Amino acid sequence: MAARDNHGTDAPWKEGFQVVGRAHPKIDGLAKATGQAIYTDDIQLPGMLHVKMLRSPHPHARIIEIDVHQALELEGVHAVLTGADLPKKYGVIPWTPDENALATEKVRFTGDEVCAIAAIDEDTANAALKLLEVKYEQLHAFLDPFDALERSEPQIHDEIRGKEVRGNVSKNVKLEFGDVEAGLEAADAVVDDNYFFHGTTHTAIEPHCAVAQYSPHGVLTVWSSTQITHYVQRALAHVLEIPEAKIRVIQPCLGGAFGGKSDPFALEFVVAKLAMITGRPVKCLWTREEVFYAHRGRHPMHLHYRTGARKDGRLTAVDAKILIDGGSYSSFGLITTYYSGQLLTGPYDFPAYRFDSTRVFTNKPPCGPKRGHGSVQPRFAFEVQLDQIAEKLGIDPIELRRKNFQGEHTETVNGQRITSNGFLRCLDEVERASSWKERRVKLPRGRGLGVAGSMYISGTNYAVYPNAMPQAGVQLQLDRSGLVTVFTGGNDIGQGSNSVARIIVAEELGLDPEDVRVVAADTDLCPVDLGAYSSRVTFMVGNALIDACRKVRKQIVQAVAEDWGVPTARVWMGLGEVFDLEDRERTLSTREAFHLTEERFDTLGATGSYNTPELGGDYRGGTIGASPAYSFTAHVVEVDVDEETGRITVENCWIAHDCGRALNPMLVAGQMEGSAYMGIAEALLESHDVNRFGLHAGPSLLDYRIPTSVDTPELHALIVESLDPEGPYGAKEAGEGPLHPSVPAISNAVFDACGIRLKQLPFTPGAVLTALRAKTGEPAPVRA
Amino acid sequence: MRVSRLNVNGDTFEVAAPEHWTLLEVLRYRMGLIGSKQGCDKGDCGACTVLMDGKPVLSCLTLAALAEGVEVTTIEGLLPAQISAGGAGTDPVQEAFHRCGALQCGFCQPGMILSARALLNENPTPSRQEIRNALAGNLCRCTGYTQIVQAIELAIAEATGGEPENPSWSPGENPWKISHTSPEDLEKAEPT
Amino acid sequence: MLRLPKFQVAAPDSVAEAVALLEQHGEDALVIAGGTDLVPNMKHELFTPELVVSLANIRKLRGIKQAEEGGLTIGAMSTLSDVAASEQVRDGAPALAQAASLVAGPQLRQMGTLGGNVMLDTRCQWYNQTYFWRDALGFCLKKDGTLCHVVAGGNKCVAAASNDTAPALMTLAATLVFEGTGGQREIPIHELFLADGIYNKKVRGEILTAVRIPALAPGHRGAYGKLRERGSIDFPLFGVAARLDVAADETVAYASLAAVALQARPVLLKRSAESLLGLRPGTRDFERGVDEAAELAYRQCRPLDNVPGDSDWRHEMVPVYVRRTLLAALEGSGPVHHV
Ligand SMILES: Cc1cc2nc3c(=O)[nH]c(=O)nc-3n(C[C@H](O)[C@H](O)[C@H](O)COP(=O)(O)OP(=O)(O)OC[C@H]3O[C@@H](n4cnc5c(N)ncnc54)[C@H](O)[C@@H]3O)c2cc1C
Ligand code: SF4
Ligand code: FES
Ligand code: FES
């Protein structure tokens, strides 16, 4: 079989699914529950040094001079690094390498890394930091994206990869499909409005950490809390200028990521370099404050939309103009800029679409991919705009969405191929579960229901660096004990990809899931997988696993059939045994079957891989946002608005999500709930701000308020299956899509509750009171 | 350097550590009890929660030098305690978290499980609101707390012989009602 | 990790030893109770004592007792969770029990003490930050610097008293027992606090040993209201304690309101409270009195940008929380809190 083969949506054995579709505890659940799981900071090596970093106190400045002498002289200090030690620029997207592990000439935000000190312990390293002397020349700091758009001087980046940067514009994408102006003209109603999505950040509870060891043979091992082992290996090779073959990157257990660990980070280069210089193991554990500076979170976006619709609710055209505040570096920004437009073209059909998205650099912590990368912000604006259209036309908001449903097996206006699409069923589910029809009209003032829908990619066919090799590879080892070990480069970041791997292999080879172990995210041991981003792991690694399993399965079935003297069609594997379908008395344990097969063939094992089919529109950027499958979601949110305090309380959130097939519904529900929780938090509580001094407004878990258990509403996961023709057994993603609708659904529910449209995030109580007053015409209270 | 006599998970240790070290640092980096996690190191997240004389406290704000004379229980202590009490396998709370999918990245969970354990020791049949209140100092970024609350409700139901509000999660079952797209769904869509 | 600066730890068994250590080391020694305020502050390098004197081993600082002369004596080392859960406190000082129940989160209430809460350092968004952050900003008056980021050109620190129990104790007319090398003294709580954000207490170098709450007047009703963003963990954005003593003739014989998270000291809202005197709950007059109390509180309380968040909204919430807390006191419900 080849990388692009589809395996169908059916169970691999005639009797139907044995493992898939049921709740299975996670492969590492008990290890985590008992404290045995090893995360990066749990690694302690003999003689290990500890690193602390000096960071820029200015948002934008030129470095004039760095004096490290005093620091180096402090007892216990082993090495000091500055930008000059790691001069090569890198970036997760090879077209935009604009980062240095430590600043070389300039610092671009308050918190940018300038120096790193390795010492016998953190206290000594901290003491040495205070002995470093850096002279800066301060430059105008861009804190507002409009300022950055208008002023081209001073430039935050002069050139990237030899190409001059135009002012402070990081990326601009303008695409038009169909005739937008004609569409708007033909519309009976046009809504034209502005929206703002603020910055938010991932806030995984585990802070970033990296440990490096350099062996006498020149092999560098880096353990890192990363979700992209393979890219980190490549980036290390590039920056340290040593061959990839000399670098081993291992991701230990990861304490959450959400996109926040999908760039290579300064600490990885720094520990590696320091391990090489000192010959000792080196660890760097960032403080929570430093994690806020590392950021790569949600891009703030100023969005302008014009949408036209006919009287019957059918959309005629959508026109978008978006300004994206990128922060100080590119990170994934090129993709973000495309995604901000490219991912809007479902689950609704509209014949004409145009977007003009500009990402600018500002002197703030760099933005990047956060759960629902690039598409949560436009989705918010657009779904609120759809409600405005529904209001204008007097159509029920769910009905309006139904009317515009794009259908299955179709193509979007921007040329993306849509396969399975369970969006209508999602709408039905949330409508039913929330008793929308019966309750919406009857709710008392202050209570409201709101709906929103969305679409998200399930993997992307855009590999971060162009290549024709598989996007996901796996390897299986079948042991004589009956144990199967899976080797996968896939990063389990808590979403459960290793558990999914176990389930698929158990299903394919008829094993007890307990007899499948998974070794993952170790570049020495595991075939390449590109990493845990773009909701690609289940889809791609899952397909690669089926590919590998079917190879060994064929051998096992043949060996057993030959031994029994029956046709291969009579051999069936299930739940740890191999049966003769026509003579149920005749069985072998899997272990015995493995022995037979090994005798008949050779040492047992197989590789498998997956690659996306050729996808995407035939235009520049047409492959960005092209996915082998899309997931679909609808939410209904019930809110309570206290009109005296302005506080919005989400009472219930019904989440219906088309995940293709729920390989393990328990994990799918967990992803859906976690996504909705995160979206609600962005809407109501969180705000990643830089203050007027260019300083992070509150880099702590006290000031950046993620919800506690008493702030989180009842979340109701309603799983929808559409059986995607290309997903593993029909599965698609579940980890990012279900975040999208929660934000606009809250805004729409607030409108239902008290007639105000919230178009600027976050929906603070103060903003709600202001909007309520604007509606009634009541003056604001005068501050005496 | 100060030698502290710490009673951790039933054993007494003499541990030498700098005087300004927190209990979290001593547990993790002196005693190798890495089950207690650090998410903020200043009292904001609850990942470092341990029990002191059965009550949940934050080890990142506790000076190790002042942790003498109390019984400290870390996540590593629950399983041995369960076994030595004649129980089979893990603590029922740990087991329930595992069975309910409450552990995603798992980083918050040692602290979360200890808070849950302390709650159930004090009140074996808390209401859902009481459960939420007891966990309100343990931030979890993955789960949305839903499966955590369900896990605790399952542990309660199993201990009291009651029925959890949510169907019980025996491996191999599927308590979720899954709906499927059907051809009729698509017929509802107007042709484009 | 976020490291602590180096210091020594002492854990004496008696108050006498503790105060002797404090005297001996002067400015270089600090008292630690639960440590939930001091430890983060030390991690931020706001305090860098050479010696930390723990009160944890001093038995007599624990316990909640019914005093002979009526009222309660609460040992300074009683934890906030014990205070919140105590039947005696719930009956004998309802606003205090409610305020204690809303401090921080569960683990912090288990560790944090009533004494530590009374003696809590003032807070400010420009101050409760790491050394790096404060350095990048430019140090302020309260620590290491010469200017104020809240009041431009200001030469007085206005960091906010943020201790939830203080207003409750003020409405209860609590007194504080301090012990120093010179012996014991007892002062009314409202006399403790000064309008100086750098150090907002009149007492220094002494140990708070107990909090005394006088016997409740007949018809005492008390409640606490707390405005914050999340339902747990967060410090108050505004906190108000309300007390109404409803006499036998069903009129308000005494009223008191006190608030925190405004300026350097918790404030008594005297005029506001007075507008309720003599009114009979349940009447229109009383309702109007409540509105007037709320309006006067609105005028007296001016939230500043010392506490993070939208100070205009906090200001608007003052009358709302005053009204709701008064009504909760009257009904015997409360605390007033959004979750
Ligand atoms: C995340 C977080 C959230 C918080 N939220 C809140 C909140 O919502 N509301 C609130 O009020 N507080 C809050 N706090 C602060 C703190 O937890 C409480 O105020 C607690 O009551 C402090 O008590 P403690 O015993 O821990 O004090 P410590 O930290 O031990 O001491 C605090 C101060 O008081 C002094 N002191 C302590 N005891 C005595 C004594 N007996 N005599 C003389 N001086 C003494 C100390 O020297 C120190 O300066 C929060 C803290 C954190 C970390
Ligand atoms: S009010 Fe805040 S900024 Fe002003 S001096 Fe006090 S702590 Fe510093
Ligand atoms: S690490 Fe202790 S509360 Fe966060
Ligand atoms: S499981 Fe990841 S933070 Fe709770």
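Counting restarts for each chain: residues are numbered from 1 in the order of the written sequence. Working convention: letters from A go to chains and numbers from 1 go to ligands, in the order in which they are written. Since the coordinates come from a predicted model, pLDDT governs what is reported: local features require at least 70, and pairs of side-chain atoms require 80 or more to be given and counted, while whole-chain, interface and lining totals use all residues. Only hydrogens and water are set aside when side-chain values are computed; all heavy atoms of the structure are taken into account.

1. Focus on the overall build of chain A
Counting its regular elements, chain A contains 19 helices and 30 strands. Taken against the 2.2 N^0.38 rule, which gives 28 Å for 784 residues, the C-alpha radius of gyration of chain A at 27 Å falls within 12% of a compact globule. Each principal axis of the C-alpha atoms in chain A carries an extent, and together these give about 90 × 75 × 50 Å. Relative to its 784 residues, chain A shows a buried fraction of 71%. By the convention used here, residues are in contact when the closest approach between their heavy atoms is within 4.5 Å. A separation threshold of at least 6 residues defines the contact pool for chain A, and within that pool the share at least 24 residues apart is 80%. Only the protein chains shown count as cover for residues, and all accessible areas are computed by the Shrake-Rupley method using a 1.4 Å probe. Accessible surface computed for chain A: about 24,000 Å², of which carbon and sulfur atoms make up 48%. Placing the 78 positive and 103 negative side-chain charges of chain A at their respective mean positions leaves the two points 3 Å apart. Only DSSP runs of H or I reaching four residues or more are called helices, and only runs of E reaching two or more are called strands; each is numbered from the N terminus. Between the two quantities, the radius of gyration covers C-alpha atoms and the globule rule is 2.2 Å times the number of residues to the power 0.38. Note on exposure labels: buried denotes an accessible area under 20% of the residue type's maximum, exposed denotes more than 50%, and partly exposed covers the range between, all computed with a 1.4 Å probe on protein chains only. Charged-residue counts in this description rest on Lys and Arg as positive and Asp and Glu as negative, His and the chain ends being excluded. We put the charge of a Lys on NZ, of an Arg on CZ, of an Asp on CG and of a Glu on CD.

2. Regarding the interface of chain B and chain A
Chain B puts 66 residues into the contact, and the matching count from chain A is 79 residues. Reported buried area values correspond to the accessible surface (1.4 Å probe) lost by two parts on association, with both partners' losses combined. Among the residues chain B hides against chain A, the three largest losses belong to His98(B), Arg141(B) and Trp176(B). Together they make up 14% of the total. The rule for a salt bridge is simple: a side-chain nitrogen of Lys or Arg has to be within 4 Å of a carboxyl oxygen of Asp or Glu. Our count for the contact surface shared by chain B and chain A stands at six salt bridges. Asp42(A) is the salt-bridge partner of Lys37(B), the closest N and O atoms lying 2.6 Å from each other. Polar contacts, as used here, are pairs of N or O atoms within 3.5 Å; protein pairs need one atom able to donate a hydrogen and one able to accept it. Residues neighboring in sequence count only if both atoms are side-chain atoms. The tally of links between chain B and chain A comes to 33 residue pairs in polar contact (both at pLDDT 80 or more).

3. Some details on the site of ligand 1
Whether a residue is near a molecule or strand depends on its heavy atoms: it is near if one of them lies within 4 Å of it. The full set close to ligand 1 counts 36 residues, and Val31(C), Ala33(C), Gly34(C), Thr36(C) and Thr113(C) are the nearest of them. In this structure, ligand 1 sits where chains A, B and C come together, each supplying nearby residues. Note that an oxygen atom of ligand 1 is positioned 2.7 Å from one of the backbone N or O atoms of Leu38(C). In this structure, Met119(C) approaches ligand 1 through a main-chain N or O atom, which is 3.4 Å from an oxygen atom.

4. Things to note about the site of ligand 2
Taken together, the residues surrounding ligand 2 are Cys124(C), Trp126(C), Tyr127(C), Cys140(C), Leu141(C), Lys142(C), Cys148(C), His149(C), Val150(C), Cys157(C), Val158(C) and Ala159(C). Split by residue class, the shell around ligand 2 holds 10 nonpolar, one polar and one charged. Charged residues are taken to be Asp, Glu, Lys and Arg, nonpolar residues to be Ala, Val, Leu, Ile, Met, Phe, Trp, Tyr, Cys and Pro, and polar residues to be all remaining types, Gly included.

5. Topic: helix H9 (residues 333-342) of chain A
By the criterion of burial, H9(A) is predominantly enclosed, with 10 of the 10 residues buried. Those residues of H9(A) lying buried are Gly333(A), Leu334(A), Ile335(A), Thr336(A), Thr337(A), Tyr338(A), Tyr339(A), Ser340(A), Gly341(A) and Gln342(A).

6. Here's the deal with the nonpolar core
Ranked by internal contacts, the top residues of the largest apolar core, which has 236 residues, are Ile746(A) and Phe97(B). Sequence-distant contacts of Ile746(A), that is, excluding residues within four places in its chain, are made with Val637(A), Val639(A), Ile648(A), Val650(A), Ile680(A), Ala683(A), Leu684(A) and Phe763(A). Among buried residues, the Ala, Val, Leu, Ile, Met, Phe, Trp, Tyr and Cys ones that are joined through side-chain atoms within 4.5 Å form a nonpolar core.

7. Quick look at the interface of chain A and chain C
Counting from both sides, the interface comprises 44 residues of chain A and, opposite them, 42 residues of chain C. Carbon and sulfur atoms supply 51% of the area that chain A and chain C bury against each other, a total of about 3,500 Å² over both sides. Applying the counting criterion to the chain A and chain C interface returns eight salt bridges. Between Glu644(A) and Arg323(C) there is a salt bridge whose closest N-O contact spans 2.6 Å. Among the secondary structure elements, those contributing two or more residues to the side of chain A that touches chain C are strand S1 (49-55), helix H3 (122-129), helix H8 (288-294) and helix H19 (765-776) of chain A. Ranked by the residues each element gives to the side of chain A that touches chain C, the list is headed by H19(A), at four residues. When grouped by side-chain class, the residues that make up the side of chain A that touches chain C number 18 nonpolar, 11 polar and 15 charged.

8. Thoughts on the side chain of Lys43(C)
Note on placement: Lys43(C) falls in helix H2 (residues 38-43). The class for Lys43(C) is buried, based on a relative accessible area of 2%. In this structure the side chain of Lys43(C) is engaged in a polar contact, spanning 2.8 Å, whose partner is the backbone oxygen of Asp41(B). Reaching out from Lys43(C), the side chain makes a polar contact with the backbone oxygen of Cys60(B) at a distance of 3.0 Å. Residues contacting Lys43(C), with those up to four places away along its chain left out, are Thr22(B), Asp41(B), Cys60(B), Leu2(C), Arg3(C), Leu4(C) and Pro5(C).

9. A look at the environment of His302(A)
Residue and element names in this part refer to chain A. In this fold, His 302 is placed in strand S15 (residues 301-309). Overall, the relative accessible area of 24% leaves His 302 in the partly exposed class. Distance from His 302 to Lys 321, taken between C-alpha atoms, is 8.3 Å for residues 19 residues apart in sequence. Excluding anything up to four places from it in sequence, His 302 contacts Pro 145, Phe 146, Tyr 195, Phe 196, Lys 321, Ile 322 and Leu 323.

10. Side note on the packing of aromatic side chains
Pairs were defined over the aromatic rings of Phe, Tyr and Trp, the Trp ring being its six-membered one, requiring ring centres within 6.5 Å. Orientation was assigned from the angle between planes: stacked under 30 degrees, edge-to-face over 60, tilted for the rest. In the structure shown here, the tally under the stated rule is 29 aromatic pairs over all chains. Centre to centre, the rings of Phe197(A) and Phe380(A) are 5.8 Å apart; their planes meet at 80°, and the pair counts as edge-to-face. Of this pair, Phe197(A) sits in strand S10 (residues 189-197) while Phe380(A) sits in helix H10 (residues 376-393), placing them 183 residues apart in sequence. The ring of Tyr199(C) has Lys201(C) sitting right over it, with the charged end atom 5.1 Å from the ring centre. Here, over-ring charges are defined by two tests on the NZ atom of lysine or the CZ atom of arginine: distance to the ring centre within 6 Å, and angle to the ring normal within 35 degrees. Seen from the ring of Tyr199(C), Arg204(C) lies directly overhead, with NZ or CZ sitting 4.1 Å from the centre.

11. Here's the deal with the packing of helix H11 (residues 284-300) of chain C against helix H12 (residues 311-331) of chain C
All names here are of chain C. The interhelical angle for the contact between H11 and H12, taken along N-to-C directions, is 140°, at an axis separation of 8 Å. Between H11 and H12 the crossing geometry is right-handed. Here Phe 286, Val 290, Asp 291, Ala 293, Ala 294, Ala 297 and Tyr 298 of H11 come into contact with H12, specifically with His 315, Glu 316, Val 318, Pro 319, Val 322, Arg 323, Leu 326, Leu 327 and Leu 330. To get an axis, fit a line to the C-alpha atoms, keeping to the stretch in contact for a helix; angles then go from 0 to 180 degrees between the N-to-C directions. What makes a crossing left-handed is the near helix being turned counterclockwise from the far one by less than a right angle; a clockwise turn instead makes it right-handed.

12. Focus on unusual backbone geometry
All names here are of chain A. Here Glu 153 and Pro 154 are connected by a cis peptide whose omega angle stands at -10°. Residue position: Pro 154 is located in the loop between helix H4 (145-150) and strand S7 (159-160). Cis rather than trans, the peptide bond between Leu 761 and Pro 762 has omega equal to -10°. Relative to the helices and strands, Pro 762 resides in the loop between helix H18 (742-754) and H19.

13. What about the confidence of the model for chain B?
Overall, the prediction assigns chain B a mean pLDDT of 91, with 89% of residues at 70 or greater. Two numbers describe this predicted complex: its pTM, 0.97, and its ipTM, 0.97. Each residue gets a pLDDT score, which is the predictor's confidence in that residue and runs from 0 to 100.

14. Some thoughts on the sheet that holds S15(A)
Residue and element names in this part refer to chain A. The pairing criterion for strands is at least two bridges between them, as found by DSSP. If you trace the five strands from one edge of the open sheet to the other, you get S9-S17-S16-S15-S10, paired in mixed fashion. Sheet topology places strand S9 (169-177) and S10 at the edges, where each strand pairs with a single neighbour. The sheet shows a mean angle of 5° between the axes of neighbouring strands, direction not considered. Sheet analysis places strand S16 (residues 315-325) next to strand S17 (residues 353-360), joined by eight bridges and oriented parallel. Within S17, the position partnered with Val 318 by the bridge is Tyr 353.

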